[in-house]
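Letter by letter, the chains look like this.
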Amino acid sequence: MRRGEPKLTRGANRSPSCKGNCIGYGVAVAFVLAMLCLMVSTQFSSSPNDSESIPAATRQRSRPGQVTVEDGGSREVEEEVAGVHTEPLTGRHRDKQVESELRRAEKNPTDDEEQSLGNERYSDHWEERRQRQEKDTVKFSEFGGGTDDFNNIANKKLICDTSFGKYDVCELEGDARAQGGAGATVTVVSPRAAPREWKIKPYSRKYLDGLKAVTVRSVPNPEDAPPCTTRLNIPAMVIELGGLTGNYWHDFTDVLIPLFIGARRFSGEAQLLVVNLLPFWVEKYRKIFSQLSRHEIIDLEKDHGVVRCYPHVVVGYGSRKEFTIDPSLDDTGGGYTMVNFTEFLRHAYSLPHDRPTKLNHQGSRPRMMILERTNSRKFMNLPEVVAAAEAAGFEVTVAGRPKASYDEFAREVNSFDVMLGVHGAGLTNCLFLPTGAVLVQIVPYGRLENIAQTDFGEPARDMGLRYIEYGVAAEESSLTDVFGKDHPIISDPISVHMSGWGNVAEWYLGKQDVRINIERFKPVLMQVLEHLQ
Ligand SMILES: *[C@@H]1O[C@H](CO)[C@@H](O)[C@H](O)[C@H]1NC(C)=O
């Protein structure tokens, strides 16, 4: 160790002076840890209560022609701060390290071509997408062609759209029948279409390992479908939980926002048929679920001996971008935006503040919530940051791990005009800020700007928040204390990104704390005040 033992490098097992050897060594370590992680995540499937052991985000990004490597292939939002409302568990540090290393392993292409597709695919690969869609389209020749029937079929929407790399969606209309049990099947009676079958993983990131598949079938005759035991004249949605839920940011990005996108159009009338139902998790977000569906949630895997029939079943859900809604890409059935989603949340949680407090109200100081993390990416000089914010005129509250229930915590967040925190899942709480409030994201050292933008910058703007980013300089990073300014980790972050996601996750995200230079930071506080004028 160059400058004394780095107190922040928990479990550091790597010499910072490895320099040229870092890459080869990193690959070997990543492999071993990835195998370990596979074991851990396999275990998870049988113990859903251990939500903390779920591997964090793995997002495949492929941008042909783009030379920059800032987002290094995939990334995660760690969940410690999100941990503002999850219980601390032992063994979490180890899991976290393992998780971050898994990211590298998962970057490898697999035999399933779709697993290697990025979420930019939709916009970047129109042509390929169109071709795939044609492949999925029912062929004219199968119906003799040239008749009116034929034209109807040609104009009919596809039942399943599997062309997008991130998630699949099927629309079953007319006579749709859901049969539960292990390996659920949803059948649509579609007299004019040729029989077809799809295996759909109805989760918002279909490329993840360990998801369960639902069979979607199209049959020409009612006799080919299982006989109905219950018939409801409401729509239904088949969705899968699990995946990366348990990480606070993923709870919203992967499930709650996609569910809003898919279910909002039904005004609470859709029944949810859920694969991998996690009752404790649904209970945490009960207020959101109950607004999106007023009907009983069905555990599809335990729904034995029943065939539920509906006039309309949607299988699958997802969103095109991360942690936001893009109304031009996400079909919400009503042009809903992220502003509408946050309004929806305020309604669901009965939150009183739609707008931040105006500064010119006599005697009122703008309220700032500073999120403090517990593992990595901590403030090393939090008292100074607090003092500077107070001197600038803010009433400051530091939030660590509130004892309050989730519902109470949402209410508390809603009472603030400004949220400030280092990049991490805790910033997910900005969903509860009033429209027009300010989010300040502190971006740790190491070329993490793209990640910061995708995960929170763009979503915050979409929510109608004022967004300010503060990039930590090398001098403000604990990694400089540990490695010295000449080590590649400080002097050449691009090379670290090029060496693989594992090193980015381990060092820049996993083992960095920040010491804010107050003089450098003061203009940010001034900017926040301007936004609140
Ligand atoms: C969505 O939000 C916009 C902007 O606040 C608003 O004008 C619109 O009425 C909302 N739409 C719905 C359906 O609530």
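Residues numbered from 1 in each chain as written. Predicted model: local features only at pLDDT ≥ 70, side-chain atom pairs only at ≥ 80, totals over all residues. Heavy atoms only, no water.

Undergrad: Is there a simple way to think about the site of the ligand in this case?
TA: Residues in close proximity to the ligand include Tyr336, Val339, Asn340 and Glu343, which together make up its full environment. A distance of 3.4 Å separates an oxygen atom of the ligand from a polar side-chain atom of Glu343. Isolated, the ligand exposes 360 Å² of accessible area, and the fraction of that covered by the protein chains is 37%. Taken together, the residues that form the shell around the ligand break down as two nonpolar, one polar and one charged. (Near = heavy atom within 4 Å. Polar contact = N/O pair within 3.5 Å; in protein donor to acceptor, adjacent residues only side chain to side chain. Areas by Shrake-Rupley, 256 points an atom, 1.4 Å probe, with all protein chains shown as cover. Nonpolar A, V, L, I, M, F, W, Y, C, P; charged D, E, K, R; others polar.)

Undergrad: How should I be thinking about the state of the cysteines in this particular structure?
TA: What is meant by a disulfide is a covalent connection between two cysteines, made through their sulfur atoms. Under the defined criterion, the tally for this structure stands at two disulfides. The partner cysteine of Cys160 in its disulfide is Cys170, sulfur to sulfur 2.1 Å. What sets the handedness of the Cys160 and Cys170 disulfide is the S-S torsion sign, and at about 105° it is right-handed. Pair noted here: Cys160 is in strand β1 (residues 160–161) and Cys170 is in strand β2 (residues 169–179), with a separation of 10 residues, a long-range link. (Disulfide = S-S within 2.5 Å. Helix = DSSP H or I, 4+ residues; strand = E, 2+ residues; numbered from the N terminus.)

Undergrad: How do you make sense of the pattern of salt bridges when you look at a structure like this?
TA: A side chain of one charge can pair with a side chain of the opposite charge if their charged atoms are brought near each other. Counting across every chain of the model gives 20 salt bridges. Residues Lys212 and Glu301 are paired through a salt bridge, measuring 2.9 Å at the closest nitrogen-oxygen approach. A residue pair is termed long-range when its members are at least 10 positions apart, and Lys212 in the loop between β4 (196–200) and β5 (214–219) and Glu301 in the loop between β9 (298–299) and β10 (307–315) qualify at 89 residues. For Glu301, a relative accessible area of 23% puts it in the partly exposed group. We note a salt bridge from Arg515 to Asp481, for which the minimum N-O separation is 2.7 Å. With Arg515 in the loop between α16 (501–509) and α17 (518–531) and Asp481 in helix α13 (residues 478–483), this residue pair connects regions lying 34 residues apart in the sequence. Owing to a relative accessible area of 30%, Asp481 belongs among the partly exposed residues under this scheme. Salt bridges linked by common partners bring Lys166, Arg205, Asp254 and Glu322 together as one network. (Salt bridge = Lys/Arg side-chain N within 4 Å of Asp/Glu carboxyl O. Buried < 20%, exposed > 50% of the residue type's maximum accessible area, 1.4 Å probe, protein only.)

Undergrad: Can you help me understand the nonpolar core in this one?
TA: Proteins that are soluble and globular tend to have nonpolar side chains buried together. Of all hydrophobic cores here, the largest spans 63 residues; its most connected members are Leu241, Phe252, Tyr285, Phe341, Tyr349 and Phe432. The leading source of residues in this core is helix α6 (residues 248–263), at 10 residues. Once residues within four sequence positions are removed from consideration, Tyr349 is found in contact with Lys284, Tyr285, Lys287, Ile288, Tyr406, Asp407, Ala410, Arg411 and Phe432. Counting residues in each nonpolar core, the second largest holds 48 residues, with Val386, Ile451, Ala474 and Ile490 among its members. (Core = buried A, V, L, I, M, F, W, Y, C linked by side-chain atoms within 4.5 Å. Contact = heavy atoms within 4.5 Å.)

Undergrad: Explain the side chain of Ser218 to me, please; I cannot follow it from the model alone.
TA: As for its position among the elements, Ser218 is in strand β5. What makes Ser218 buried here is its relative accessible area of 2%. Once you skip the residues sitting within four places of it in the chain, Ser218 turns out to touch Ile159, Val188, Ser190, Ala193, Ala194, Pro195, Arg196 and Trp198.

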